[in-house]
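Okay, here's what each chain looks like letter by letter:
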Amino acid sequence: MSIDIEQCNFQYPGTGVGVFDVSINAAQGELIAVIGASGSGKTTMLKLVAGFEQPDSGCIRVNGQDVTHVPARERNMGVVFQSYALFPLMSCLDNVAYPLKIRGVSQAERHKRALAMLDRVGLGAFARRFPGSMSGGQQQRVALARALVFNPVVLLLDEPLSALDAGLRVEMRSQICELQREHGITALHVTHDQEEALSMATKIALMHQGRIVQLASPQELYDNPNSRLVAAFVGQANLWEGTVTSQSRVDVGFATLACEIGAYKEGAAVTVLVRPEHVQPLQEPASASPGLCPNTFRGPLASDTFLGALRRFELAAEGTSARILGETTARTPVGCIHIDPHHVRLLPPGDIPLA
Amino acid sequence: MVIGIYLLYIFLPIILLIVGSFGESWTNTLLPTGFSLRWYLDVWHDPSFRRAFLMSLYVALGTSAIVTALTVPLAYALTRSMGRTATLVARLVAVMPIAAPPVVLGFGYIIIFSTDTFPWLGTTALIVAAHVVTTLPYMFQTLVADIRHLHLDRLELAAESLGASFGQRFFHIVLPSLRHSILAGLVVVSAISIGEFQVTNLIAGFLNRTYPVVLLQAFYGATGFACATTVILLFLAAIGAGAGALTARAAARAKESV
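Reading guide: rules and limits
Residues numbered from 1 in each chain as written. Chains lettered and ligands numbered in written order. Predicted model: local features only at pLDDT ≥ 70, side-chain atom pairs only at ≥ 80, totals over all residues. Helix = DSSP H or I, 4+ residues; strand = E, 2+ residues; numbered from the N terminus. Buried ≥ 20, exposed ≤ 12 C-beta atoms within 10 Å, placed from the backbone. Domains from an automatic or database assignment. Contact = placed C-beta atoms within 7 Å. Nonpolar A, V, L, I, M, F, W, Y, C, P; charged D, E, K, R; others polar. Pairing = 2+ DSSP bridges. Axes fitted to C-alpha atoms, helices over the stretch in contact; angles between N-to-C directions.

Observations regarding the environment of G184(A)
Residues and elements named next belong to chain A.
- If you trace the backbone, G184 turns up in the loop between α5 (166–183) and β8 (186–191).
- Note on G184: 9 C-beta atoms within 10 Å, which makes it exposed.
- Here the alpha-carbon distance between G184 and L31, two residues 153 residues apart in the chain, equals 10.0 Å.

As for the domain arrangement of chain A
Residues and elements named next belong to chain A.
- With domains assigned, chain A is organised as domain 1 (3–223) and domain 2 (228–347).
- Counting residues at the interface gives 7 residues for domain 1, matched by 5 residues for domain 2.
- Contributing elements (two or more residues each) for the side of domain 1 that touches domain 2: β9 (203–208), β10 (211–216) and α7 (218–223).
- Taken together, the residues of the side of domain 1 that touches domain 2 sort by class into 4 nonpolar, 3 polar and no charged.

What about the environment of S64(B)?
- Within the secondary structure, S64(B) is located in helix α3 (residues 47–80).
- Spatially, the C-alpha atoms of S64(B) and S161(B) are 34 Å apart, while their sequence positions differ by 97 residues.

Observations regarding helix α7 (residues 152–161) of chain B
- Where burial is concerned, most of α7(B) is hidden: 8 out of the 10 residues are buried.
- When we look at burial in α7(B), the residues that qualify are L152(B), L155(B), E156(B), L157(B), A158(B), A159(B), E160(B) and S161(B).
- Where α7(B) is buried, its residues meet α1 (42–50) and β6 (78–80) of chain A together with α6 (124–149) and α8 (166–177) of chain B.
- Positive phi appears at G163(B), one or two residues downstream of α7(B), with a value of about 110°.

A short note on the interface of chain A and chain B
- Tallying the contact residues gives 16 residues for chain A and 15 residues for chain B.
- When residues in the side of chain A that touches chain B are grouped by element, the largest group, 3 residues, is from helix α2 (residues 92–102) of chain A.
- Looking at the side of chain A that touches chain B, its residues break down into 13 nonpolar, 1 polar and 2 charged.

So, the sheet that holds strand β21 (residues 345–347) of chain A
Residue and element names in this part refer to chain A.
- Ordered by their spatial adjacency, 5 strands build an open sheet running β13-β12-β11-β14-β21, and the pairing between neighbours is antiparallel. Edge positions in the sheet fall to β13 (256–258) and β21, since each has one partner strand and no second. Direction aside, the axes of adjacent strands within the sheet are offset by 45° on average.
- Where strand β14 (residues 269–274) meets β21, 3 bridges bridge the pair, whose relative direction is antiparallel. Pairing of T271 across the sheet is with L347, part of β21.

Structure, rendered in structure tokens:
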């Protein structure tokens, strides 16, 4: 079912903290990731949807029906918490069967359904075990099973993977996506991990100080961030303040870069974004003398970090104080780089987009 | 060394009492002479001690039941709404037994409950009430500490999202989670209730004196008899505490072994 969050405002009493003018529309089957630094209001937004908090204004609709004032326990939403929140005195089976018990399903039937759900998350053999004797990843899978077993209208995930170690997190990502698709359920996934959001979501809402800065598909958010803030939060980035000087040039202080200026006019202040994977190492150009080739820089490496598949380096451009962040799969020495004008993005100046 | 002296200081009187309770006679000697069970038989055949023994059990049971019924909801409600006022109330309840000495409480009861409006001095109900007031803070503190430690708020939020009503959450989640704490609290509550002397001595009637109150009479008689009665009190308190501790351990073990 679809979720529509419309113009929601909520402020924690006595503080300036909360969420402001938040609107998100999630169609049936979508997985919307809400990302942002801690304190950006992303968990508060999830609480509003779950019904743990009431918005001061605005409304929340599920499948077109206004649920703003429906109590949490009647919303029929599956919530997975960061702390798992499994009931320690109940076996896994009883944990998963609990929502069915509340809904008056007979014992035989609810055990059958709970077991099927545990099987689905690969924990059928653990049905009689207690949460305390299981690993974090297993507990989170039980929590996921419990949140899905009663066919909720939506699935709410509150940083479900942040307590797990890195390898497990990646594995759980695909399991969550699989289950979510299989159930065709609309999901709202709150996380501070941008990589998690990029890999799982159909749309991402980036929040900052209680407001949504940009709501777009992962590709759009990465390729066309609407502000410096988004560009810096999602992935690695070279960000320079600059001024458009001509139809195909932008001055970034230490150099003038060739680029496509799009709708910007000459003299406009802009933020220039270059993703590190677009900073291409060049074999030393024997013929061309430096300075003739635009977007080409020479210099020593200020840092050089091996990351396995990738190698991330910072080139200290000769004759300037600029450092250019780049990524390459090449293992050979880097002394010269080139930035394709096509990959030089211009963003509005300043941190946050003007409303 | 210090611990050794401390243990000696605690256990020596108890050991002497046990030795004395089996001694034939004990006058002006370091240790009693002869061996006898007659003091225990004397206590057994003394109707006032038998009545007091049962009265103590009865009061301890009543106190435990009422304290549990009052404190669990109180502690739960206070930790859920941990505002400033709630914290203040919690602190007040916690320091109450230290701030108000039992004697003060006892005299207060005498003044209030000997009036024509509340002529309840000497009733068993009043003894139970007094014990409830004295022991409640101990149960309260145990529960408040554990409710926070167990993160019950998280579990309740989860249960709420799964559709559980307030009552369902309380009986399915909160109460079972607190059973160990309640047991631990009950050990203290019953031990204090069984040993309580000061207030009970002031407000009990002739026929509903508890064991410690009657015990005082024994010290006007033979030493062996006094020792035997005291050992029985010790035994009574130990049963209460031991039963609680054993149940708690068994429950904890049952949970582990699954």
